[in-house]
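Summary of the model geometry
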Amino acid sequence: MSPDRRVREAVASAAAAVSPVWPLHSFVTANPLAGFEDRPFHDAVEQAERLFGGRGYPDPDLFRQALDAGRIDPDILAAELDAAGYDADPVTLLDRMDTADSPTTNATDRVDTLLTKWLSAFLDQGRADWPMPEREAGFYAAFRSVARHDRAIPGRSAIADLPSEPAVAIERVVAEFPAERWPRLFEPHLTAVPGWAGLVKRRATDGTDWGSTCPVTLLEYLAVRLTLVDLLDAPVDLTADSSGPERNDERVPLAAVWLTAWERTYRTRFLDALPSDPTGGDPERPDAQLVFCIDTRSERIRRHVEATGAYETHGYAGFFGVPMRYQGYDDVTVDACPPIVDATHRITDRPTGRSAKRVTHDRWSDTVDALDGLFESLKSNAVTAFNFVESAAPGYGVGLLARTLLPARVGDLRRVADEQVPDTHEFCAPAVDRDPGADRALPAGLTLAERVEYAATAFDLLGWAEFAPVVAFIGHASQTTNNPFEASLDCGACAGNPGGPNARVLATICNDDAVQTRLRDRGFDIPEDTVFVAGEHNTTTDEIVLYADTVPASHADDIERLRRDLGRARAGAASERADSLAGTQGSGPRETERRAADWAETRPEWGLAGNAALFVGPRAFTADLDLDGRVFLHSYDWQTDPDGDALAAILTGPMIVTQWINTQYYFATVDTAAYGSGSKVTHNPVGNVGVYQGNGGDLMTGLPLQSLKRGTDELYHQPLRLSVVVHAPVDRVSDILAENDHLRTLLDNNWLSLTVLDPQNDAPLAYDSDLHWTPVSVEQGAETGQVRSSTVDD
């Protein structure tokens, strides 16, 4: 085998330790230890600690707080400790728990500093006024061409003589080591700056314009890094530094036992609160059915919507089952689907005519764009910059003071201004019909058969047997100011984008007469008086906007009543949520609007903090419970899914996405520095792709501490692995797991837990391992009403 091929294979093998990182503008919640999911959880966190220096479990103080607060049941803890072979008193064991930090090395600090400087220049996505030259040739080639002028690199003249192929450059540096050691040798270099390396890994495969215009691979990354290692005379072999201390104790780590006890306490209380024989709700036809994303933030607003009238709410993945690349009327193109799904359709928002609303919108947009361009050119032009700053300073000063001292009033003015400009949904509609003449890589629109299939799949997964006069698909988005992490608050199922477009696409499909005719042939009895509409839930303010301007006059009163009730539901949900936020200055919708407009607000909303469980089953099980916004709720009725296809789609899709979300929140909480992004206060956005801490270094890839904590020492998010509860026959679940190796691997390795409520079995069944199930002793229905604080968890 040639050296070039051996290097490439070694890099590919070592790259498994690098988790992909998405640009911050399309933030995707993902497991930072995704490359280790084929190992048991405790082995994975130990290996990650050696490579990344990050802690994998909550620290003893947090366990002690959870025990004292009643979040860990002492009896459950004692049972777990005994089963793991720990016979000492729990408090004594907690005192013994090893909290020593992993040893770190400074041997490659200078390498990291230089490498991240060049990565930030190359990977910039339109932020720099003077971009790095020759990026179109690739990272390694551009570095060879430009870095020879970097005076911070000793011996920089040697860069001009580097081999033209990155694999050859790598082979020259590691030639003294046996080839079989290369994967192990490369691993710590690839994980030395995991944020930048993860972004490179993602960029190399994402198929975006940036990826093709400025190509980069992990092979090129490693060639540049090892070149700097060689020039700086830094150690090539870092395996000794990343090996860490060996564990001689064959027992499960003590911290893992405490974590399991905490999770089991939460899960037991959750199962206890579920009714053993839930009623099916009001037998009368509902006034409206509203389908929300399974996002935990939907749980709160759904409760309040149901309390306002004869409404049913349901949970479905927020991209509404349509894997599309969406192009708005005046927005960039985005892949509005989960990262585990490839976009297979291109949907464009097209004007329905040359209406007055469109003219007004275009005139305003053109004016704003022209002014933005003018200001940008004045600020960046060497001739005009100083004069512009001097002349514009008073105006900017007034604006700064207003936004700082009166953020709510400024927000009011912006809302008034926005109301004068028509939104694109008022004069555009998604083009869902297939356009065979479009010359694009992705097909434009959908065929009739595809539209029917997407609608049927939605109804199957929701388990619907009847339809209300109004069916609303409600996507969600956030609204914040001066927040680089804004995309992390948007819809995760839409890859960090707003979910409204996906809702509009599915509503358009379902209103199609040809689609409805075929759906009726497949057994879906859609009444003639049913109309489908879309909407979007603002998770920061809890406002829900309905896109229902074109509904027939026969439904005008229904829509108006629904809008009024959604306003009432918003008031209740916003009041409840505002109470949980730190630094509250008011109450209800007014407080949430202030947070959305305040550019100094570090906690505009909690996002998915607090998430702990996924429930898959009928709404009747959870309709009477206050789950405190901690549970993903996916609708499912096993009786309408005889073949188990709908359940398989849920377990292989939404369950995987929620596990990604859960693990990111978990690891960012237990070690914010290694797996999160530290404090927002010291963030420095870079290249439109991420943030630094301070003025350089690695990209911060996870969530900031303000998304996880109320204060410096007070956690809001409880670091628990996801507890999945499914209402379905256990044999059906076993069949799905038997056919899906990835699901079994996650469960067998304890990355999440699975409990089945078998309608034909009295006791819940907990997945053990190797498709074995263990009965769970609970008192179902023991607690009803509010499932929080002492009942499940605060």
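For the structure, see preceding data.
Attention in this report is confined to the structure presented alongside it. (Residues numbered from 1 in each chain as written. Predicted model: local features only at pLDDT ≥ 70, side-chain atom pairs only at ≥ 80, totals over all residues. Heavy atoms only, no water.)

Turning next to the sheet that holds strand β1 (residues 288–293). Backbone hydrogen bonds hold the strands of a sheet together, and the pairing may be parallel or antiparallel. Read across the sheet, five strands follow the order β2-β1-β7-β8-β9 without closing on themselves; strand pairing throughout is mixed. Edge positions in the sheet fall to β2 (311–316) and β9 (544–547), since each has one partner strand and no second. Neighbour-to-neighbour, the strand axes of this sheet turn through a mean angle of 25°, independent of strand direction. Judged from the four bridges that link them, strand β8 (residues 531–538) and β9 form a sheet pairing that is antiparallel. Each bridged residue has a counterpart across the sheet, and for A534 the counterpart in β9 is Y547. Lying over the sheet, helix α14 (residues 296–308) contacts β1, β2, β7 (470–477), β8 and β9, oriented at roughly 165° with respect to β2. Across the sheet, helix α18 (residues 448–462) touches β1, β2 and β8, and the angle it forms with β2 is around 110°. (Pairing = 2+ DSSP bridges. Helix = DSSP H or I, 4+ residues; strand = E, 2+ residues; numbered from the N terminus. Axes fitted to C-alpha atoms, helices over the stretch in contact; angles between N-to-C directions. Contact = heavy atoms within 4.5 Å.)

A few words now on the environment of Y547. Within the secondary structure, Y547 sits in strand β9. Placed 74 residues apart in sequence, Y547 and F473 show a C-alpha to C-alpha distance of 9.8 Å.

So, on to the sheet that holds strand β4 (residues 333–336). Read across the open sheet, the four strands follow the order β4-β3-β5-β6; overall the sheet is mixed. Across the chains shown, the open sheet's two edge strands, defined by having one partner strand only, are β4 and β6 (428–430). Each strand axis lies, on average, 25° off the axis of its neighbour in the sheet, ignoring direction. Relative to β6, strand β5 (residues 345–351) runs antiparallel, the two being bridged by three bridges.

Considering the arrangement of structural elements, one finds D124 in the loop between α6 (109–122) and α7 (139–146). Buried within the structure, D124 lacks any salt-bridge partner; its nearest side chain of opposite charge belongs to R135, at an N-O separation of 4.6 Å. Discounting residues that sit within four places of it in the chain, D124 has contacts with R135, W210 and G687. (Buried < 20%, exposed > 50% of the residue type's maximum accessible area, 1.4 Å probe, protein only. Lys, Arg positive; Asp, Glu negative; His and termini not counted. Salt bridge = Lys/Arg side-chain N within 4 Å of Asp/Glu carboxyl O.)

Before going further, it helps to spend a moment on empty space enclosed by the protein. If you walk through the whole model with that rule in mind, you get seven cavities of 30 Å³ or more. Volume-wise, the largest cavity comes out at about 100 Å³. If you go around the largest cavity, the residues you meet are T296, R297, R300, T539, R577, S580, E605, W606, G607, A609, G629 and Y716. The dominant element in the lining of the largest cavity, judged by the number of residues it contributes, is α14, at three residues. Looking at the lining of the largest cavity residue by residue, the classes come out as three nonpolar, five polar and four charged. Put simply, the second largest cavity is a space of about 50 Å³. Residues that form the lining of the second largest cavity fall into these classes: six nonpolar, four polar and one charged. (1 Å grid on protein atoms, 1.4 Å probe; cavity = no way out; pocket = protein on both sides within 12 Å on 5 of 7 lines; lining within 4 Å. Points joined across faces, edges and corners; volume = space filled by probe spheres on them. Nonpolar A, V, L, I, M, F, W, Y, C, P; charged D, E, K, R; others polar.)

The next subject is helix α16 (residues 385–405). Taking 1.5 Å of rise per residue, 21 residues should cover 30 Å, and α16 covers 28 Å from first to last C-alpha, within 8% of that figure. The principal kink in α16, of about 55°, is found at A393, preceding the proline P394 by one to four residues. Within α16, the full set of buried residues consists of A385, F388 and A392. Summarising the contacts, the buried residues of α16 are in contact with α15 (356–380). (Expected span 1.5 Å × (residues − 1). Bend = angle between axes of the 7 residues up to and from the residue.)

This part is about a negative patch on the surface. Taken together, the side chains of D330, D331, D366, D369, D372 and D423 define an acidic patch exposed on the protein surface. Structurally, the position occupied by D366 is in helix α15. For D366, a relative accessible area of 52% corresponds to the exposed category. (Patch = residues over 30% accessible without salt bridge, like charges linked within 9 Å, V, L, I, M, F, W, Y side chains within 5 Å. Areas by Shrake-Rupley, 256 points an atom, 1.4 Å probe, with all protein chains shown as cover. Charge placed at Lys NZ, Arg CZ, Asp CG, Glu CD.)

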